[in-house]
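# Chains, contacts and geometry: an overview
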Amino acid sequence: MEVSVTVNGKAHHHDVPPRLLLVHYLREQLNLTGTHVGCDTSQCGACVVQMNGQTVKSCTVLAVQAAGAEIMTIEGLATNGEYHAMQQGFWEMHGLQCGFCTPGMIMSAVGLLKENAHPSDTEIRHALEGNLCRCTGYENIIKAVQHAASHGTAATNGDAMRQETKPETPETAAEIEHPQRDDGAPEKPETVEEWKGENAGV
Amino acid sequence: MAITEAPAKMFGQAIKRREDPRLITGKGNYLDDIRLIGTLHAAVLRSPYAHARIKSINTDAAKALPGVVAVITGDEIAKEQNPLPCAWAAGGVTNNVNTPRALAVDTVRFTGDGVAMVVAESAYLAYDALDLIEVDYEPLDVIVDAEAATQEGAPQLHENAPNNVVMRWTCGAEEATAQAIDGAEVVVKQRILNQRLLPTPMETRGYVSRYEPATGEYTIWMSSQAPHVHRLLLSAFVLGIPEHKMRCIAPDVGGGFGAKIFLYPEMAATLYAAKLTGQPVKWVESRRENYLATTHGRDHITDLEIAGTRDGKIMALRIHTYANLGAYLSTIAPGIPTTLYGRMVAGVYKIPNVFVEVKGVYSNTGMVDAYRGAGRPEATYVVERAVDLLATELGMDPAEIRRRNFIQPEDFPYDTGIGMLPYDSGNYEPALDKALEMVGYQEFRKKQAEARKQGRLLGIGVCSYVEVCGVAPSKWIGLAGEGWGAGLWESANVKVHLTGKVVVTSGSLPHGQGHETTFAQIVADELGVPYEDVLVEHSDTQGTPFGYGTYGSRSAAVGGTAIFKSTAKIKEKARRLAAHMLEAAEEDIEFTDGKAFVRGAPDSAKTIQEIALQASVAYDLPQGMEPFLDETTYYDPPNCTFPFGTHICTVEIDPETGKVTVLRYIAVDDVGKVINPLIVDGQLHGGIAQGLAQALYEGAVYDENGQLLTGSLMDYAIPKADMVPHYELARTETPSPVNPLGVKGAGEAGTIASGATVSSAVIDALAHLGIRHLDMPYTAERVWRAINERNGGKHVS
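All of these numbers come straight from a predicted model, not from anything done at the bench.

### Considerations on the packing of helix 3 (residues 102–115) of chain A against helix 5 (residues 139–151) of chain A
Residues and elements named next belong to chain A.
- One can describe the packing of helix 3 onto helix 5 by two numbers: an axis separation of 11 Å at closest approach and a directional angle of 45 degrees. One finds that helix 3 runs oblique with respect to helix 5. Between helix 3 and helix 5 lies a crossing whose hand is right-handed. Residues Met105, Ala109, Leu112 and Leu113 of helix 3 touch helix 5, and the partners they reach there are Ile141, Val145, Ala148 and Ala149.
- A per-class count over the contact of helix 3 with helix 5 returns 8 nonpolar, no polar and no charged.

### Looking at the domain arrangement of chain A
Residues and elements named next belong to chain A.
- Partitioning chain A into structural domains gives domain 1 (2–76) and domain 2 (85–162).
- For domain 1 and domain 2, the distance between their C-alpha centres works out to 22 Å.
- For the side of domain 1 that touches domain 2, the element with the highest residue contribution is strand 3 (residues 48–51), accounting for 3 residues.
- Residue composition of the side of domain 1 that touches domain 2, by class: 6 nonpolar, 8 polar and no charged.

### A short note on the domain arrangement of chain B
Residues and elements named next belong to chain B.
- By the assigned domains, chain B splits into domain 1 (20–26 + 489–635) and domain 2 (440–469 + 639–792).
- Using only C-alpha atoms to locate each centre, domain 1 and domain 2 end up separated by 41 Å.
- Where the side of domain 1 that touches domain 2 is concerned, the elements lending two or more residues are helix 15 (515–527) and helix 16 (555–581).
- Per-class residue counts for the side of domain 1 that touches domain 2 are 4 nonpolar, 9 polar and 1 charged.

### A look at the confidence of the model for chain B
- Averaged over every residue, the pLDDT of chain B is 96; residues scoring 70 or more account for 98%.
- The ipTM value of the predicted complex is 0.96, and its pTM value is 0.94.

### Section: the packing of helix 15 of chain B against helix 16 of chain B
Residue and element names in this part refer to chain B.
- Viewed as axis vectors pointing N to C, helix 15 and helix 16 meet at an angle of 30 degrees, and their least axial separation amounts to 10 Å. Classified by the interaxial angle, the pair formed by helix 15 and helix 16 is roughly parallel. Two packed elements cross with a definite hand, and for helix 15 against helix 16 that hand is right-handed. Residue-level contacts link His515, Thr518, Phe519, Ile522, Val523, Glu526 and Leu527 of helix 15 to Ser555, Ala556, Gly560, Ile563, Phe564, Thr567, Ile570 and Lys571 of helix 16.
- For the contact of helix 15 with helix 16, the per-class residue count stands at 8 nonpolar, 5 polar and 2 charged.

### Some words on the interface of chain B and chain A
- Between chain B and chain A, the contact holds 56 residues from the first and 59 residues from the second.
- If you list the elements that add at least two residues to the side of chain B that touches chain A, you get helix 1 (20–24), helix 9 (287–293), strand 25 (660–670), helix 18 (677–696) and strand 26 (727–731) of chain B.
- If you tally residues by element for the side of chain B that touches chain A, the top one is helix 18 of chain B, at 8 residues.
- In terms of residue class, the side of chain B that touches chain A is made up of 23 nonpolar, 16 polar and 17 charged.

### Some remarks on the sheet that holds strand 2 (residues 10–15) of chain A
Residue and element names in this part refer to chain A.
- Judged by pairing direction, the sheet is mixed, and its 5 strands sit side by side in the order 2-1-5-3-4 without closing on themselves. Two strands bound the open sheet, and with one partner strand each, they are strand 2 and strand 4 (54–57). With direction set aside, neighbouring strand axes in the sheet form an average angle of 35 degrees.
- Looking at chain direction, strand 1 (residues 2–7) and strand 2 are connected through 6 bridges and run antiparallel. Looking at strand 2, one finds that Glu2 is bridged to Asp15.
- Lying on the sheet, helix 3 is in contact with strand 3 and strand 4; it crosses strand 3 at an angle near 40 degrees.

### Regarding unusual backbone geometry
- Geometrically, the link from Phe412 of chain B to Pro413 of chain B is a cis peptide bond, its omega value of -5 degrees lying close to zero.
- Mapped onto the elements, Pro413 of chain B comes out in the loop between helix 11 (398–405) and helix 12 (428–439).
- The amide bond that connects Met776 of chain B to the next residue, Pro777 of chain B, takes the cis arrangement and shows omega of -5 degrees.
- With respect to the element layout, Pro777 of chain B can be found in the loop between helix 19 (749–766) and helix 20 (780–790).
- One non-glycine residue, Ser42 of chain A, lies in the positive phi region at around 65 degrees.
- Structurally, Ser42 of chain A can be placed in the loop between helix 1 (22–29) and strand 3.
- Phi is positive for Ala374 of chain B, which is not a glycine, with a value near 45 degrees.

### A short note on the confidence of the model for chain A
Residue and element names in this part refer to chain A.
- Chain-level statistics for chain A give a pLDDT mean of 84 and a share of 75% at 70 or above.
- pLDDT under 50 marks residues 154–167. Its contacts with residues more than four places away, or in other chains, come to 16 contacts.
- In this model residues 178–202 is a low-confidence stretch, pLDDT under 50, and it forms 36 contacts with partners more than four residues away in sequence or in other chains.

### Observations regarding the nonpolar core
- Membership of the largest hydrophobic core comes to 323 residues, with the highest contact counts inside it found for Val118, Val119 and Val523 of chain B.
- Residues contacting Val523 of chain B, with those up to four places away along its chain left out, are Val494, Val502, Val504, Val534, Ile563 and Thr567 of chain B.

### Describing helix 1 of chain A
All names here are of chain A.
- Of all 8 residues in helix 1, 6 are buried, a share of seventy percent or more.
- When we look at burial in helix 1, the residues that qualify are Leu22, Val23, His24, Tyr25, Leu26 and Arg27.
- Looking at the buried side of helix 1, the elements it contacts are strand 1.

### Some points on the sheet that holds strand 5 (residues 114–120) of chain B
Residue and element names in this part refer to chain B.
- Taken in spatial order, the 7 strands of this open sheet run 3-5-1-12-9-10-11, and their pairing is mixed. Because the sheet does not close on itself, it has two edges, and the strands there are strand 3 (68–73) and strand 11 (246–249). Strand-to-strand twist in this sheet, taken as the mean axis angle between neighbours without regard to direction, amounts to 20 degrees.
- Across 4 bridges, strand 9 (residues 206–212) lies against strand 12 (residues 281–284) in antiparallel orientation. Paired with Tyr207 across the two strands is Trp283, which belongs to strand 12.
- Of the strands in this sheet, strand 10 (217–222) and strand 11 touch helix 7 (residues 227–239), which is tilted by about 150 degrees from strand 11.

### What to know about the pairing of strand 25 of chain B
All names here are of chain B.
- Strand 25 sits mainly inside the fold: 11 of its 11 residues count as buried.
- Where strand 24 (residues 644–653) and strand 25 come together, 10 bridges link them in antiparallel fashion. Across the sheet, Thr650 pairs through a bridge with Arg664, a residue of strand 25.
- In sequence, strand 24 turns back onto strand 25 through a hairpin of 6 residues, with Gly658 there showing a positive phi of about 80 degrees.
- For strand 25 and strand 26, the ladder comprises 5 bridges, and the chain directions are parallel. Among the inter-strand pairings, Tyr665 is bridged to a residue of strand 26, identified as Tyr727.
- Following the backbone out of strand 25, through helix 18 and into the adjacent parallel strand 26, one traces a crossover that is right-handed.

### Focus: the environment of Ala148 of chain B
Residues and elements named next belong to chain B.
- Here Ala148 is to be found in helix 5 (residues 146–149).
- Ala148 gets classed as partly exposed once you count the C-beta atoms within 10 Å, which come to 17.
- Between the alpha carbons of Ala148 and Tyr322 there is a distance of 9.9 Å; along the sequence they are 174 residues apart.
- Not counting the four nearest positions on each side in its chain, Ala148 is found in contact with Ile143 and Ala154.

Rules of the game
Residues numbered from 1 in each chain as written. Chains lettered and ligands numbered in written order. Predicted model: local features only at pLDDT ≥ 70, side-chain atom pairs only at ≥ 80, totals over all residues. Axes fitted to C-alpha atoms, helices over the stretch in contact; angles between N-to-C directions. Helix = DSSP H or I, 4+ residues; strand = E, 2+ residues; numbered from the N terminus. Parallel < 35°, antiparallel > 145°, perpendicular 65-115°, else oblique. Left-handed = near helix turned anticlockwise from the far one by under 90°. Contact = placed C-beta atoms within 7 Å. Nonpolar A, V, L, I, M, F, W, Y, C, P; charged D, E, K, R; others polar. Domains from an automatic or database assignment. pLDDT = per-residue confidence, 0-100. Pairing = 2+ DSSP bridges. Core = buried A, V, L, I, M, F, W, Y, C linked by C-beta atoms within 7 Å. Buried ≥ 20, exposed ≤ 12 C-beta atoms within 10 Å, placed from the backbone. Right-handed = clockwise from strand over helix to strand, strands pointing away.

In structure tokens, the structure reads:
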């Protein structure tokens with residue numbers, strides 16, 4: 001099937017198999033390998049991109065569903081050689097170790113700040129629950145997003161930046177805004193259809 | 001050149017990582033990002049049965065699918081390749097080593113055992129073709145539980161391993177321990193389970209293999225923690241080709257946590273496929289396959305007995321453990337529950353009598369090998385649980401009983417008497433005190449007592465741990481009887497090029513730990529060059545000296561020291577050359593902060609850059625001196641290092657639902673000297689999360705048919721951001737005397753302590769209900785059931 005799509009500001013036109021996933025289109029056809037695949041059940045979020053300004057998991061979108069869409073991947077985030085504030089935040093705060101989840105994590109966090117410019121610790125933790133990281137224990141990812149929220153796009157002097165967040169010392173479970181979850185807080189929509197409020201899986 | 005102020009030292013600075021710019025911009029180069037012209041894509045057909053005989057495999061329809069280039073079965077590869085070797089058969093493993101082949105031959109022994117490989121023009125086509133392969137299986141009886149597997153009449157996995165026993169291994173004094181227990185004032189016994197875990201690096205495994213017929217050379221790109229070891233094992237043991245005919249390259253590696261140390265069947269299968277097809281062959285594991293066929297961790301059944309006096313002195317510890325090793329022996333599997341577990345069970349305590357018996361067992365499950373901490377989290381869990389149980393029995397405060405039994409600072413180096421090398425250095429009480437102070441221990445105990453009156457369940461858990469890191473001395477690890485047939489040194493080359501820029505090639509390699517940054521910090525200080533002038537190369541067997549790999553928190557202590565020693569050799573040569581340049585006697589030359597000068601006359605200094613230029617152009621060197629500043633070190637340390645610390649956690653449990661909420665998590669760790677605090681803290685955060693996740697969420701579950709019920713990220717609960725607490729970190733610093741850097745290692749400490757810490761807190765919250773022990777993970781259901789049972793089963797479950 002014919003697909004025209006704009007990725008990181010550049011127009012592309014390809015004939016693709018109907019079953020081709022957007023993430024494979026980005027990786028294999030366009031060689032944009034910054035978008036990763038870390039699972040096969042839409043859990044890990046390593047493949048998150050922005051599609052028409054919305055945060056989507058590109059493993060859960062068919063390439064043909066992206067026809068006519070504007071897509072931004074991790075490769076399109078920096079402008080004129082200057083890192084996006086979120087990229088800078090992850091670098092400054094050591095928000096990554098192996099780096100495999102990082103592109104998806106950054107793209108989700110970018111989406112969060114569009115909706116909520118100054119999220120609390122709790123809001124960040126909930127907003128990123130569709131992105132799994134196995135290295136950082138999330139501590140410095142939270143700090144990275146906070147850093148981006150407070151610094152905007154201004155580049156910062158990283159070497160002097162390291163500051164401990166004030167330790168929380170909750171006394172009871174009720175004081176914890178982000179109780180450890182073992183059941184069903186609502187998941188973020190995973191597909192474009194869900195975002196659009198249409199039936200999923202069309 | 002005038003001496004100015006000494007430059008700030010890089011060692012100890014929390015500088016941000018030089019690895020990050022490529023990784024935050026999507027320019028990392030992970031395995032699946034590699035693109036070679038003409039690459040074919042492989043997919044593996046895996047057994048749906050946990051135990052079955054393969055009666056026949058029909059690949060005709062798959063081969064006929066357009067785009068399919070080859071369909072390969074185990075019989076075919078077995079004509080050219082040997083089974084994978086087991087590199088650490090450990091004490092007691094003799095003639096019953098059973099390892100996997102590239103693809104199964106005749107019999108499959110766990111769900112996910114590879115049966116056939118399709119090689120096609122695209123990954124989509126390869127997966128299509130898997131559906132067209134017909135395999136006729138004859139199902140056999142299945143056994144998944146390690147203890148049950150050793151009983152008479154259990155299904156047998158391997159003819160050479162009666163009752164599925166891999167080995168019976170012991171350490172310590174059996175008789176003396178038995179006597180001490182028999183004569184003790186107080187003895188506590190408990191069975192505890194350390195559940196099986198799935199390591200779950202976010203990047204799954206993957207390999208790209210290429211064969212050059214003209215030269216007979218193989219190249220394999222691999223998501224690997226140990227490419228040099230993989231080259232050795234694949235060439236010499238599996239393929240039977242000379243080592244120099246194989247090159248192994250680890251690109252950016254998306255996490256490992258132990259699981260990428262090992263040799264895997266798909267490495268061998270893609271090498272075969274590359275030779276067969278004459279084209280590069282790429283295989284990238286799906287997450288489902290990662291859970292089935294990549295190694296798992298832990299899975300111990302342990303019966304512990306601890307004996308003590310009424311005033312809280314520990315007199316004896318006796319441990320019997322069944323270690324489930326899965327269907328075959330993975331690369332170093334038997335070494336984990338023996339040397340790295342059994343010899344560490346005394347923990348931070350002076351225990352006069354210790355005896356450990358470990359039975360390694362085959363079962364119809366995935367292979368079990370090292371996973372973050374590898375033996376030490378299991379050992380810490382055992383001893384810390386035992387100490388808590390003894391404290392409960394004696395009505396003694398858990399912090400106090402620890403303090404009373406600690407090995408004292410003047411006791412180091414301390415030999416626990418169970419075959420571990422002597423602990424290098426330690427001072428356990430300050431770390432405990434600091435953690436107690438941070439949490440406000442006495443205050444919390446008062447609140448806990450108040451809360452209990454109101455029916456609320458508050459708990460506080462304490463874990464004082466010690467671990468063995470920088471695992472090395474070849475003489476020790478390679479001792480006859482322990483079965484490690486190799487050394488464990490590391491190597492590094494340092495060159496100062498003509499322009500004064502420094503290139504380090506290291507046998508150690510990163511998969512998220514930031515070696516490029518920390519190693520450059522060491523070199524910048526030692527040679528007195530700008531940090532930016534140091535390049536660290538790694539991960540390619542062509543061009544880096546041999547290294548045993550990154551695991552066991554050993555890169556800084558062993559690999560970092562190899563680099564340090566190479567810089568010392570460079571400095572020494574620079575000093576000799578400077579003497580020639582300054583027309584002074586060698587013994588009068590001092591080298592400090594990148595400059596060599598006649599002692600007392602720093603104004604006439606030659607910089608390292610000037611000296612490197614002279615060494616490189618080489619037309620005016622001292623008699624007999626070789627050109628270039630280029631030094632290599634193979635470093636084999638005299639001992640391991642032993643980091644330690646105390647972690648404390650507070651929890652609240654909802655009595656109605658059993659749900660556990662972590663209130664605070666405090667970690668006071670002593671990892672020796674710290675090269676980069678930013679990186680060390682990051683390692684601790686991630687480590688704590690993995691152990692905490694074992695306590696609260698994770699557990700691999702097989703049903704009685706050997707089906708992995710937790711086979712995807714939908715079913716296996718690695719924590720999300722809102723499932724972990726904020727971590728409060730602090731440090732004490734006791735330098736290691738083992739290496740000149742004073743470093744100990746930090747990669748696993750968090751995981752080693754945190755499972756036991758959270759467990760201690762949860763059980764403490766339930767203690768007044770009469771609950772003495774509960775097995776992990778503490779899911780709401782498990783905790784609620786325990787509470788409900790104590791309440792007389794008011795609620796029907």
